[in-house]
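Summary of the model geometry
Okay, here's what each chain looks like letter by letter:
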Amino acid sequence: LQHYFIQSNLRMGDEDLENNPNWNAVLQWSLRLQDSEQEGRQLEPMDEERREFLTAALAEASALIEDPVKNMREHLNTIKNTESSKEDCIAALEELADYAEDLDQANDLYLLGGLQVCCAYIKHRDPELRSLACEVIGNAVQNNEKIVRFATESFVLTDLLKMVDDEKLTDAVRIKSLFALSCLVRGNRSALDKFNELEGYNVLLRALQSSVKKLQTKALFLISNICTDFPDQCSTYSSMGISDQLLSFCYVSDSSEHDVTLHHALRTLLILRRDEHIQLPVDAHRTLSNLLSKLENDRHSEQRELCSELVRTCPSPANSVER
């Protein structure tokens, strides 16, 4: 009865309630009646049938609640078991990669020794398992100082750099290695210092010259972020002739993937140009002006904006001669 009157009141609205005061009165009477019934009610022991029903219902509800730590432990047991099939290991690593995206669960994975296992797995003979292990590491280190410290102090950084540089490996393994490397180094000074100590900048420049387009794009993305987060690194990359390599990407293509590569190349050029001590190549103005004339307004709006700013700030060959 109470439910009926409440639903009726909700449907009617305030204006209807004012015009129909009896509805309100009946509702108040219903509420008072229920309260008085509850006051006089005596508690009785639960009968066995009801107890069994509630116990079973609670057990069923508990089974539906996921326990990430338990699941991660099971997945780790799977990939540590030499008898596990490749399919089971793939499924386990995919689940671990999903868990590692959450900061708390990444910490749990670290405490379970899972990252140590995955660091060993990046040397696995199977390329698909190696790639997935790199993905777990990459997801886990993002914005996680504790795990970044572990990765920096171990041999992970060295191993990842070697994998990015190894042309004998599959493209997928090299790309995922660079993904993990990027997640580790971006925005983290201690990891970047170790990266520079290992001459990681040379690895990135070689990746730019690779025939693997996704590897080029990820290398550009990382260089752009390093120069943005740590402006003191611009001179390092500029002194290695990166500007010429960046200009080599400044052309229009039908490939949407190249659009991303072009965006990172222009962004990095602009970052370098903002450093007054860095000079772009003499033909930069001509290359960029030609590119700007070919960029479409709708498809390349962001690239046009970056390119326009570069053209405005780059000295033209004529101005360079006059000076």
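Residue positions are given per chain, counted from 1 along the sequence in the order it is written. It should be noted that, the model being predicted, local features are given only for residues of pLDDT at least 70 and side-chain atom pairs only at 80 or more, the latter also being counted only at that level, while totals for whole chains, interfaces and linings use all residues. For the side-chain quantities, the full set of heavy atoms in the structure was used; hydrogens and water were omitted.

1. Details of the overall build of the protein
Heads up, the rule is: The numbering of helices and of strands both runs from the N terminus, where a helix is a DSSP run of H or I of at least 4 residues and a strand a run of E of at least 2. Buried, partly exposed and exposed residues are distinguished by accessible area as a fraction of the type maximum, computed with a 1.4 Å probe on protein chains only: under 20%, between the cut-offs, and over 50%, respectively. Two residues form a contact once any of their heavy atoms are found within 4.5 Å.
Across its full length, the protein carries 20 helices and zero strands. Buried positions account for 44% of the 323 residues belonging to the protein. In the protein, once contacts between residues fewer than 6 apart in sequence are set aside, the share between residues at least 24 apart is 67%.

2. Things to note about the pattern of salt bridges
In a structure, side chains of opposite charge can pair up when their charged atoms sit close to one another. Inclusion rule: We define a salt bridge as a side-chain nitrogen of Lys or Arg found within 4 Å of a carboxyl oxygen belonging to Asp or Glu.
Tallied over the entire structure, the rule returns ten salt bridges. Among the charged side chains, a salt-bridge network with shared partners connects Lys86, Asp126 and Glu128.

3. Examining helix H17 (residues 256-273)
Defined as follows: By definition here, a helix of n residues has an expected span of 1.5 Å times n minus one. Think of a polar contact as two N or O atoms within 3.5 Å of one another; within protein, one of them needs to be a possible hydrogen donor and the other a possible acceptor, and neighboring residues in sequence only count if both atoms come from side chains.
The terminal C-alpha atoms of H17 lie 26 Å apart, and with 18 residues this matches the ideal 26 Å at 1.5 Å per residue to within 8%. The distance from a side-chain oxygen at the start of H17 to the backbone nitrogen of glutamate 257 is 3.2 Å, and the residue carrying that oxygen is serine 255.

4. Here's the deal with the packing of aromatic side chains
Using the following cut-off: Here is the rule: rings of Phe, Tyr and Trp (six-membered ring for Trp) pair when centre to centre is within 6.5 Å. Planes less than 30 degrees apart are stacked, more than 60 are edge-to-face, and the remainder are tilted. Two conditions define a charge sitting above a ring: the NZ of Lys or the CZ of Arg must be within 6 Å of the ring centre, and it must be within 35 degrees of the ring normal.
Per the stated rule, a full pass over the model turns up one aromatic pair. Sitting over the face of the ring of phenylalanine 179, lysine 176 holds its NZ or CZ atom 5.3 Å from the ring centroid.

5. Considering unusual backbone geometry
The backbone phi angle of asparagine 143 is positive, close to 55°, even though this residue is not glycine. Inspection of the secondary structure assignment puts asparagine 143 in the loop between helix H8 (127-141) and helix H9 (145-153). Even without a glycine there, the phi angle at glutamate 199 is positive, about 60°. Structurally, the position occupied by glutamate 199 is in the loop between helix H12 (189-197) and helix H13 (200-208).

6. Digging into the side chain of arginine 273
Looking at the element boundaries, arginine 273 is found in helix H17. Reaching out from arginine 273, the side chain makes a polar contact with the backbone oxygen of threonine 313 at a distance of 2.8 Å. Discounting chain neighbours no more than four positions away, the residues touching arginine 273 are Ile278, Leu280, Leu310, Thr313, Cys314 and Pro315.

7. Quick notes on the packing of helix H6 (residues 103-111) against H9
What describes two packed helices is the angle between their axes and the distance between those same axes. To keep things clear, this is the line we draw: A fitted line through C-alpha atoms serves as each axis, taken over the contacting stretch for helices, and the angle formed by two N-to-C directions is quoted from 0 to 180°. Roughly parallel means an angle under 35 degrees; roughly antiparallel means over 145; roughly perpendicular covers 65 to 115; every other angle is labelled oblique. Here the term charged refers only to Asp, Glu, Lys and Arg, the term nonpolar to Ala, Val, Leu, Ile, Met, Phe, Trp, Tyr, Cys and Pro, and the term polar to all other amino acids, Gly among them.
Contact geometry of H6 with H9 gives a least axis separation of 10 Å together with a crossing angle of 40°. Our classification of the angle between H6 and H9 gives oblique. Contact residues: Ala106, Asn107 and Tyr110 in H6; Lys146, Ile147 and Phe150 in H9. Tallied by class, the residues present in the contact of H6 with H9 amount to four nonpolar, one polar and one charged.

8. Thoughts on H13
Counting buried residues in H13 gives seven out of nine residues, a clear majority hidden from the surface. Turning to H13, its buried residues number three or more, namely Gly200, Tyr201, Val203, Leu204, Leu205, Ala207 and Leu208. Structurally, H13 contributes buried residues whose contacts are with helix H10 (156-165), helix H11 (171-185), H12, helix H14 (213-229), helix H15 (234-239) and helix H16 (242-247).

9. Overview of the confidence of the model for the protein
Cut-off, in case you're wondering: A score between 0 and 100, pLDDT records how confident the predictor is in each residue.
Averaged over every residue, the pLDDT of the protein is 84; the share at 70 or more is 81%. With pLDDT under 50 throughout, residues 1-12 is counted as low confidence; its partners more than four residues away or in other chains account for 18 contacts.

10. A closer look at a negative patch on the surface
The following threshold applies: Exposure above 30% relative accessible area and no salt bridge define the residues that can form patches, which grow by joining like charges within 9 Å and nonpolar side chains of Val, Leu, Ile, Met, Phe, Trp and Tyr within 5 Å. Per-residue and other accessible areas follow the Shrake-Rupley method at a 1.4 Å probe size, with only the shown protein chains counted as cover for residues. In summary, the charge assignment counts Lys and Arg as positive and Asp and Glu as negative, without counting His or the chain termini. For this purpose, a charge sits on NZ of Lys, CZ of Arg, CG of Asp or CD of Glu.
Taken together, the side chains of Glu94, Glu95, Asp98 and Glu101 make up a negatively charged region of the molecular surface. Aspartate 98 sits in the partly exposed class, given a relative accessible area of 47%.

11. Some points on the side chain of asparagine 107
Examined against the element boundaries, asparagine 107 turns out to sit in helix H6. Asparagine 107 has contacts with Asn144, Lys146 and Ile147, leaving out every residue within four places of it along the chain.

12. Quick notes on the environment of leucine 246
Tracing the backbone shows leucine 246 in helix H16. Look at leucine 246 and you get buried, because its relative accessible area is 0%. Remark: the alpha-carbon pair of leucine 246 and leucine 262, spanning 16 residues in sequence, is separated by 8.6 Å.

13. Focus: the environment of aspartate 88
Mapped onto the elements of the fold, aspartate 88 is located in helix H5 (residues 86-100). In this structure aspartate 88 comes out as partly exposed when scored by relative accessible area, which is 44%. Residues aspartate 88 and threonine 78, ten residues apart in the sequence, show an inter-C-alpha distance of 7.1 Å.

14. Structural notes on the packing of H5 against H6
Here H5 crosses H6 at 125°, and the two axes come no closer than 7 Å. For the element pair H5 / H6, the angle class is oblique. Residue-level inspection shows Leu96, Tyr99 and Ala100 of H5 in contact with H6, the latter providing Gln105, Ala106 and Leu109.

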